[in-house]
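Each chain, letter by letter, is given below.
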Amino acid sequence: MLDDFMTAETLATFWGLVAGVTLIVQFTKPIVKNRFNDIAVRVYTWAISLVLTFVFAKTGVGVQGILLTIINSIGVALASMGGYEVIADPRAEKK
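Think of each chain on its own: its residues are numbered from 1, step by step along the sequence as written. With pLDDT at 70 or above as the cut-off, local features in this predicted model cover only qualifying residues; side-chain atom pairs require 80 or more to be listed or tallied, and sums for whole chains, interfaces and linings still use all residues. With hydrogens and water stripped out, all remaining heavy atoms of the structure feed into the side-chain values.

Visitor: Break down the overall build of the protein chain for me, citing the residues and quoting the values.
Guide: Secondary structure summary: the protein chain contains 4 helices and 0 strands in total. Note on conventions: DSSP H or I runs of at least 4 residues are helices, E runs of at least 2 residues are strands, and numbering of each starts at the N terminus. Ordered by position from N to C terminus, the α and β elements of the protein chain give α-α-α-α. Out of the 95 residues in the protein chain, the part that is buried amounts to 26%. Residues count as neighbours in contact if any of their non-hydrogen atoms are within 4.5 Å of one another. For the protein chain, restricting intrachain contacts to residue pairs at least 6 apart in sequence, the fraction spanning at least 24 positions comes to 53%. Values of accessible area rely on a 1.4 Å probe in the Shrake-Rupley scheme; residue burial ignores everything except the protein chains shown. When the accessible area of the protein chain is evaluated, it comes to approximately 7,100 Å², of which 68% is carbon and sulfur surface. For every residue, the accessible area obtained with a 1.4 Å probe (protein chains only) is divided by the maximum for its type, and the residue is called buried under 20%, exposed over 50%, and partly exposed between those limits.

As structure tokens, this is what we get:
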């Protein structure tokens, strides 16, 4: 059970980043969705994930570190988007 607020140490973990990205995107998504389509929301989710991953969970140094951080941010974005769908509408069926 969580007994404190989001911290830098929490955001340095995969699940902390997923939670942070999900919170930010869900709070600001109406602003993005009113101006752009659904694909833009996915790109926006990845951009938030990329920024948070670079700030809190950068991996390695040099080009290798940058590429690893980008790859990790894609995983965080995918988990964030998928996690929200499961929680918001667990019985949704694709048509």
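Next comes the rest of the account.
Visitor: An account of the packing of aromatic side chains is requested, with residue identities and associated values reported.
Guide: Only centres within 6.5 Å qualify two rings of Phe, Tyr or Trp (six-membered ring in Trp) as a pair; their planes then separate them into stacked at under 30 degrees, edge-to-face at over 60, and tilted for everything else. Using the criterion set out here, one finds 1 aromatic pair in the structure. Measuring from ring centre to ring centre gives 4.9 Å for F14 and W15, while their planes differ by 80 degrees; the resulting arrangement is edge-to-face. Relative accessible area serves as the criterion here: at 62%, W15 is assigned to the exposed category.

Visitor: Can you explain the nonpolar core? Please cite residues and give values.
Guide: One finds L17, V18, V21, V25, I48, L52, A57 and V76 forming the largest nonpolar core, which totals 8 residues. At 4 residues, helix α2 (residues 14-35) tops the list of elements feeding residues into this core. Once you skip the residues sitting within four places of it in the chain, V21 turns out to touch T45, I48, S49, L52, V76 and S80. Definition of nonpolar core: a set of buried residues of the types Ala, Val, Leu, Ile, Met, Phe, Trp, Tyr and Cys, connected through side-chain atoms within 4.5 Å.

Visitor: How would you explain the packing of α2 against helix α3 (residues 38-56) if you had to name every residue and give the values?
Guide: A fitted line through C-alpha atoms serves as each axis, taken over the contacting stretch for helices, and the angle formed by two N-to-C directions is quoted from 0 to 180°. Where α2 meets α3, the axes come as close as 9 Å, and the angle between the chain directions of the two elements is 140 degrees. Accordingly, the angle class assigned to the pair α2 and α3 is oblique. Handedness of the α2/α3 crossing: right-handed. Residues L17, G20, V21, I24, V25, T28, K29, V32 and K33 of α2 pack against D38, A40, V41, Y44, T45, I48, S49, L52 and T53 of α3. Under the convention adopted here, Pro, Cys and the residues Ala, Val, Leu, Ile, Met, Phe, Trp and Tyr are nonpolar, Asp, Glu, Lys and Arg are charged, and Gly plus all remaining residues are polar. Across the contact of α2 with α3, the residue classes tally to 10 nonpolar, 5 polar and 3 charged. Between 65 and 115 degrees an angle is taken as roughly perpendicular, under 35 as roughly parallel, over 145 as roughly antiparallel, and anywhere else as oblique. The handedness criterion is simple: a crossing whose near helix is rotated anticlockwise from the far helix by less than a right angle is left-handed, and one whose near helix is rotated clockwise is right-handed.

Visitor: I'd love a proper account of the side chain of T69, names of residues and values included.
Guide: Within the secondary structure, T69 is located in helix α4 (residues 62-88). The buried category is assigned to T69, whose relative accessible area is 0%. Those residues in contact with T69 that lie beyond four places of it in its chain are T53, F54, K58 and T59.

Remember, this is a structural readout, not a statement about activity or role.
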